[in-house]
Amino acid sequence: MKKKFIGANWKMNLLQAELEVLLLELSAISVKKEVLEFVIFPSQIYLSDCIKQSNLTFGAQDIHSENNGAFTGAVSAEQVKSAGAKFVLIGHSERRTIFQESNELIKAKVDAALNTSIELVFCCGESLDIRDKGTEKEWVSNQLKEGILHLSAEKIGTCIIAYEPVWAIGTGKVANTQQIEEMHTFIRETLIKKYGPDIALAVRIIYGGSCTPDNAKEIFTLNNVDGGLIGGASLNFESMSTLLNSF
Ligand code: PEP
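Rules used in this analysis
- Residues numbered from 1 in each chain as written.
- Predicted model: local features only at pLDDT ≥ 70, side-chain atom pairs only at ≥ 80, totals over all residues.
- Heavy atoms only, no water.
- Phe/Tyr/Trp six-rings, centres within 6.5 Å; stacked < 30°, edge-to-face > 60°.
- Helix = DSSP H or I, 4+ residues; strand = E, 2+ residues; numbered from the N terminus.
- Buried < 20%, exposed > 50% of the residue type's maximum accessible area, 1.4 Å probe, protein only.
- Lys NZ or Arg CZ within 6 Å of the ring centre and 35° of its normal.
- Near = heavy atom within 4 Å.
- Polar contact = N/O pair within 3.5 Å; in protein donor to acceptor, adjacent residues only side chain to side chain.
- Areas by Shrake-Rupley, 256 points an atom, 1.4 Å probe, with all protein chains shown as cover.
- 1 Å grid on protein atoms, 1.4 Å probe; cavity = no way out; pocket = protein on both sides within 12 Å on 5 of 7 lines; lining within 4 Å.
- Sits in = over half its atoms within 2 Å of the grid points.
- Nonpolar A, V, L, I, M, F, W, Y, C, P; charged D, E, K, R; others polar.
- Axes fitted to C-alpha atoms, helices over the stretch in contact; angles between N-to-C directions.
- Parallel < 35°, antiparallel > 145°, perpendicular 65-115°, else oblique.
- Left-handed = near helix turned anticlockwise from the far one by under 90°.
- Contact = heavy atoms within 4.5 Å.
- Arc of directions from axis to C-beta.
- Salt bridge = Lys/Arg side-chain N within 4 Å of Asp/Glu carboxyl O.
- Points joined across faces, edges and corners; volume = space filled by probe spheres on them.

K.L.:
Outline the packing of aromatic side chains, supporting the account with residue identities and numerical values.
P.N.:
Under the definition given, this model contains two aromatic pairs. Ring geometry for phenylalanine 5 against phenylalanine 87: centres 5.4 Å apart, planes inclined by 55 degrees, an arrangement best described as tilted. Here the residue phenylalanine 5 occupies a position in strand E1 (residues 4-9), and phenylalanine 87 occupies one in strand E4 (residues 87-90), the gap between them amounting to 82 residues. Look at phenylalanine 87 and you get buried, because its relative accessible area is 1%. Between the NZ or CZ atom of arginine 95 and the centre of the ring of phenylalanine 99, over which it lies, the distance is 3.9 Å.

What follows is the structure, encoded as structure tokens:
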């Protein structure tokens, strides 16, 4: 059976002492590993410490597209892999907008992660402008086409796709269940057209955007929703444990 996936994206939050407390608390939760994969994405500077201190699974929030070289401040796929990270987020909307990452760069990062055997969470989603124009499916389709659909069937089958409408991230506005199910089904159909049903069904499609313990159950039981990427609520032990226990 395909496991559900929950990612905790801590972004640029938590100082070392705060992070250690939260990590200890989260490590004590008994996650049903047979049905749920739980991965924490801490700030890169603490990634290595987290991996040494805890038996949970960790990922990097970003990587550079090159493996090494003169790229001051950047971290490569090989480096996060050698630190023990199992996953990486690629194309998060904050990277796309604040750091102006193009689909072309994101595609190169997808390749860098897979060439290093790191599993990836490919993020996509439209802004409010696009949603208001009614062209959100074309937008997401293009992000997929230019960022990840070049992969072979074998490789795409290992990827996770996170649909995160930009207008719902960190805003407290959640996409409604119809909007979520419609887009997830559209992404699944896009994968089926390109790779056939067996491969397409293996890809986990998760939702991100103001998920909380109050709305999680409703969202995570929708058709074609295989879990979630959690930002704000993942910084609080009570919210995160309730969320994890909703599986
Ligand atoms: C995110 O950053 O991926 C996210 C979904 O954030 P939030 O849950 O805070 O909206």
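Moving on from the model shown.
K.L.:
Any details on the site of the ligand? Residues and values, ideally.
P.N.:
Surveying the vicinity of the ligand reveals 14 residues, the closest of which are Lys11, Glu164, Gly170, Ser210 and Gly232. Taking histidine 92, its side chain carries an N or O atom lying 2.9 Å from an oxygen atom of the ligand. Note that an oxygen atom of the ligand is positioned 2.6 Å from one of the backbone N or O atoms of glycine 170. Taking 290 Å² as the accessible area of the ligand by itself, protein coverage stands at 96%. The site holding the ligand turns out to be the second largest pocket. Taken together, the residues of the shell around the ligand break down into four nonpolar, eight polar and two charged.

K.L.:
Outline the packing of helix H11 (residues 213-220) against helix H12 (residues 237-245), listing residues and values.
P.N.:
Following both chains from N to C, one finds H11 and H12 inclined at 20 degrees, their axes separated by 9 Å at the closest point. One way to sum up the angle between H11 and H12 is to call them roughly parallel. In the crossing of H11 with H12, the sense of the turn from one axis to the other is right-handed. Together, Pro213, Ala216 and Phe220 of H11 and Ser239, Thr242 and Leu243 of H12 make up the contact between the two elements.

K.L.:
Got a sec to walk through unusual backbone geometry? Specific residues and values, please.
P.N.:
One non-glycine residue, lysine 11, adopts positive backbone phi at about 50 degrees. With respect to the secondary-structure elements, lysine 11 resides in the loop between E1 and helix H1 (16-27). The backbone of leucine 14 shows a phi angle near 80 degrees, a positive value even though the residue is not glycine. By the secondary structure assignment, leucine 14 is in the loop between E1 and H1.

K.L.:
Can you break down H11 residue by residue, with the values?
P.N.:
Each full turn of the α-helix corresponds to 3.6 residues, which orients residues three or four apart in the same direction. Taken together, the buried positions of H11 are Asn215, Ala216, Ile219 and Phe220. Taken end-on, H11 shows its buried residues confined to a sector of 120 degrees, consistent with a single buried face. Turned more than 90 degrees away from the buried face of H11 sit Asp214, Lys217 and Glu218, all of them exposed. Those residues of H11 that are buried are in contact with E1, helix H9 (177-195), strand E7 (204-208), strand E8 (227-230) and H12.

K.L.:
Talk me through the pattern of salt bridges; I want residue IDs and the actual numbers.
P.N.:
Two side chains carrying opposite charge are able to pair once their charged atoms lie near each other. This structure, assessed with the given rule, holds eleven salt bridges. The residue lysine 109 makes a salt bridge to glutamate 101 at a minimum N-O spacing of 2.7 Å. Across the pair, glutamate 101 and lysine 109 agree in class, each one buried. A salt bridge links lysine 137 to glutamate 182; the nearest nitrogen and oxygen atoms lie 3.6 Å apart. Of this pair, lysine 137 sits in helix H7 (residues 136-147) while glutamate 182 sits in helix H9, placing them 45 residues apart in sequence. On the basis of relative accessibility, which here comes to 28%, the residue lysine 137 falls in the partly exposed class.

K.L.:
Tell me about empty space enclosed by the protein, and please be specific about residues and values.
P.N.:
The full count for this structure, using the stated rule, is one cavity of 30 Å³ or more. Lining the largest cavity are Arg131, Glu136, Lys137, Gln179, Glu182 and Met183. Those elements that provide at least two residues to the lining of the largest cavity are H7 and H9.

K.L.:
Which residues make up the layout of surface pockets, and what values go with them?
P.N.:
Here the largest pocket defines a volume of roughly 580 Å³. Lining the largest pocket are 22 residues; nearest its centre among them are Gln44, Gln61, Asp62, Arg95 and Phe99. Elements represented by at least two residues in the lining of the largest pocket include exactly helix H4 (93-97) and helix H5 (103-115). For the lining of the largest pocket, the residue count by class is eight nonpolar, eight polar and six charged. Roughly 190 Å³ of volume is contained in the second largest pocket. Forming the boundary of the second largest pocket are 17 residues, of which Lys11, Gly170, Ile230, Gly231 and Gly232 lie nearest the centre. Here the lining of the second largest pocket is composed, by residue class, of six nonpolar, nine polar and two charged.

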